[in-house]
Amino acid sequence: MKDPATSCLFLEEVVCCLCGHHHSTPFLTAPDRAHFVPGIFTLRRCKNCGLVYQNPRPSPESSAAIYPADYGPYNNLNDDLHPDWQRLCAFIGRLQTQPGRLLDVGAGAGAFLRAMRVALPEWSVTGVEPNARAAAAARRTGAHVIQATIETAPLDGTVWDAITLWNVVEHLPDPLAVLRRLRQLLRPGGFIYMTVPLCDSWDARLCGAYWCGWELPRHFYAFDRASLGQLLNAAGLISSRSACLVGIEYHFTESLRLLINATVRQFTVRRLGIALTFSRPFRLLIRPYLWMAARMQRCTALTIAARAA
Ligand SMILES: [Zn+2]
């Protein structure tokens with residue numbers, strides 16, 4: 001059904017992907033603060049298991065409308081050496097000292113694949129990316145990328161030592177089905193790595209409705225520690241290591257910018273407030289908070305290495 005309030009989108013009603021229940025309570029409504037897709041989107045909390053999920057949500061035919069051409073991961077052609085990618089490569093290298101085959105799900109324009117080529121060159125890396133333009137851009141840089149959704153990618157018969165999903169799980173229509181499939185593709189002793197924004201992070205608690213991790217309507221799920229644990233458990237996975245590695249400062253300051261942008265009416269004050277979040281004194285001021293949040297694993301994004309249970 002096409003929603004009149006979101007005239008460019010078709011919305012569909014869904015049930016909880018973890019327990020199948022359809023009873024839920026309203027959790028949060030918010031617009032698209034990042035790419036301004038028209039509409040107000042709704043997160044609901046499952047009454048049975050507590051999972052927070054978008055309902056109704058854009059149906060598959062609306063995918064192109066919610067991922068605009070300037071969507072960041074489709075255009076990250078020059079940030080292969082970003083410290084976040086290097087930290088993720090190092091995280092893998094510490095846990096798996098023997099090189100092997102790695103599959104990157106939601107590879108975008110291939111930045112992580114290129115970072116792997118530099119940081120862990122003995123590994124053989126392949127990406128899966130549904131967006132044709134991003135997949136083509138990745139291939140032009142020499143990355144091996146299959147253009148398909150992870151649900152339809154021809155991967156059966158191949159086993160992988162490592163499978164990575166960087167900020168991907170929350171975008172998937174059925175993350176449980178995908179993780180169950182990926183677990184089947186994992187070599188014994190292999191790891192599934194994922195980075196997930198958690199709505200019980202300190203950043204989310206402080207910034208409320210303006211937290212950048214909601215990212216409606218592209219995020220179909222807002223996991224917290226409990227529901228992420230339930231998801232892993234239901235997929236037959238167990239978390240063996242976790243850390244806050246990526247976007248530690250960015251997610252907090254971006255959330256503050258969204259908050260200032262939406263709540264400060266006076267133009268000059270708003271511009272000054274946003275400029276302040278980029279300033280060196282402000283970044284020094286928030287450093288103790290970020291340090292403590294990272295130490296307690298309460299930053300926006302948590303990176304997990306999971307293995308078959
Ligand atoms: Zn549920």
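A brief look at the structure comes next. As the structure is a computational prediction, the values presented were derived from the model and not from experiment. (Residues numbered from 1 in each chain as written. Predicted model: local features only at pLDDT ≥ 70, side-chain atom pairs only at ≥ 80, totals over all residues. Heavy atoms only, no water.)

### Observations concerning the pattern of salt bridges
- Applying the stated criterion across every chain yields a total of 8 salt bridges.
- For R187, the salt bridge is made with D161, and the minimal N-O distance between the two is 2.7 Å. One end of the pair, R187, is in strand β10 (residues 186–197); the other, D161, is in strand β9 (residues 160–166), and 26 residues separate them in sequence.
- Salt-bridge contacts for R225 lead to D200; the nearest nitrogen and oxygen are separated by 3.0 Å. With R225 in helix α7 (residues 225–234) and D200 in the loop between β10 and α6 (202–207), this residue pair connects regions lying 25 residues apart in the sequence.
- For R225, a relative accessible area of 25% translates into the label partly exposed.
- Each of D32, E215 and R218 takes part in one network of salt bridges that share partners. (Salt bridge = Lys/Arg side-chain N within 4 Å of Asp/Glu carboxyl O. Helix = DSSP H or I, 4+ residues; strand = E, 2+ residues; numbered from the N terminus. Buried < 20%, exposed > 50% of the residue type's maximum accessible area, 1.4 Å probe, protein only.)

### Observations regarding the sheet that holds strand β11 (residues 221–222)
- Strand order in the open sheet formed by 4 strands is β2-β3-β4-β11, with antiparallel pairing between adjacent strands. Each end of this open sheet is capped by a strand with a single partner; those strands are β2 (24–30) and β11.
- Summarising the sheet, strand β4 (residues 52–54) and β11 pair through 2 bridges and their orientation is antiparallel. When the bridges of β11 are listed, V52 appears paired with A222. (Pairing = 2+ DSSP bridges.)

### A closer look at the sheet that holds strand β13 (residues 301–308)
- As summarised here, the arrangement of the 7 strands in space is β8-β7-β6-β9-β10-β13-β12, forming an open sheet in which the pairing is mixed. Edge positions in the open sheet fall to β8 (145–147) and β12 (237–243), since each of these has one partner strand only. The mean inter-strand angle of the sheet, taken between neighbouring strand axes irrespective of direction, is 20°.
- With 3 bridges joining them, strand β6 (residues 101–105) and β9 adopt parallel strand pairing. Its bridge partner lying in β9, L102 is registered against A162. (Axes fitted to C-alpha atoms, helices over the stretch in contact; angles between N-to-C directions.)

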